[in-house]
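Residues per chain are reported as follows:
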Amino acid sequence: MERYYSDDELTHRGLGGVGRNVLLDRTAIILNPAGIRIGDYTRIDAFCLISAFGPGVSIGRNVHLAAGVYVYGGGGVLIEDFVNVSARSIIYSVNDDYSGEHLTGPTLPPEYTGTTSAPVRIGRHAVLGAGSIILPGVTFGEGSASGALSLIKKNVDPFTIVAGSPARTVKARSRRLLEIEAEFLRRERSHRP
């Protein structure tokens, strides 16, 4: 048996949309596949979990979700093109209230929980370092990067490197990758049949 689903198998998995040359590892767990859209040339590695209840999860082209990445899309998650999410990172668009003012957990009716739900957007060319966590409502700007084990609770400006728990700005990130992207896309178009 192949490690990744074939194109034909992907077509029959019930995904909301799937692009060309998508690599989805057979060990990945997909909850509510109809709420998930995956763009061209995207790779989702072993033991990932994507939960797409609510507004769902949209993943762009040339995205890599490394082993053990969890995406909770109850509040909506948009992962734009050319994003890399390193191993064991977690993206939450839904979170319980831990203050003690409410009960917690998915086994209870919503009126007893203080769940926070807010969309998460990860901009083009963003890189999440291993073990990074993004909380509901965060926009992680285009070209931004996080160091390993960062807790991202607030929006991150474009082309900014953050690290720590909670994440703080370290320095600016180079924009040269935009020139490299343009070259890559030109070359890709010129080689299409």
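We now turn to the structure provided with this report. In this text the structure is predicted, and so the values were computed from the model without any measurement. Every chain's residues receive numbers from 1 upward, in the order its sequence appears when written. Restriction of local features to residues with pLDDT of at least 70 applies here, the model being predicted, together with a cutoff of 80 or more for giving and counting side-chain atom pairs; totals for whole chains, interfaces and linings are based on all residues. The side-chain quantities take in all heavy atoms of the structure and omit both hydrogens and water.

1. Concerning the pairing of strand β21 (residues 160–163)
Stated precisely, the cut-off is as follows: Only protein chains enter the calculation, and the probe is 1.4 Å; a residue is then buried if its accessible area is under 20% of its type maximum, exposed if over 50%, and partly exposed in between. A run of DSSP states H or I qualifies as a helix once it reaches four residues; a run of E qualifies as a strand once it reaches two. Both are numbered from the N-terminal end. Any two strands with at least two DSSP-identified bridges between them are counted as paired.
Residues Thr160 and Val162 of β21 are buried on one face, while the alternating residues Ile161 and Ala163, pointing to the opposite face, are not. The pairing of strand β19 (residues 145–146) with β21 spans 2 bridges and is classified as parallel. Counted as the bridge partner of alanine 145 is isoleucine 161 from β21. Relative to strand β22 (residues 168–172), β21 is paired through 4 bridges, and the arrangement is antiparallel. Across the sheet, isoleucine 161 pairs through a bridge with lysine 171, a residue of β22. Joining the antiparallel neighbours β21 and β22 is a turn of 4 residues, in which glycine 164 adopts a positive phi near 105°.

2. Topic: the sheet that holds strand β11 (residues 84–85)
Sheet strands line up and pair through hydrogen bonds in the backbone, either parallel or antiparallel. The 8 strands lie next to each other as β2-β5-β8-β11-β16-β19-β21-β22, forming an open sheet whose pairing is mixed. The open sheet has two free edges, formed respectively by β2 (23–24) and β22, since each of these has just one partner strand. Here strand β8 (residues 64–65) runs beside β11; their pairing, made up of 2 bridges, is parallel. What sits directly across from histidine 64, in β11, is asparagine 84.

3. Here we look at the environment of serine 190
So the rule is basically this: A 3.5 Å cut-off defines polar contacts: any pair of N or O atoms within that distance qualifies, except that in protein one atom must be a possible hydrogen donor and the other a possible acceptor, and neighbouring residues in sequence count only when both atoms are side-chain atoms.
Checked against the element boundaries, serine 190 lands in helix α2 (residues 176–190). At 2.8 Å, the side chain of serine 190 and the backbone oxygen of arginine 187 are in polar contact. For serine 190, the side chain forms a polar contact with the side chain of histidine 191, separated by 3.4 Å.

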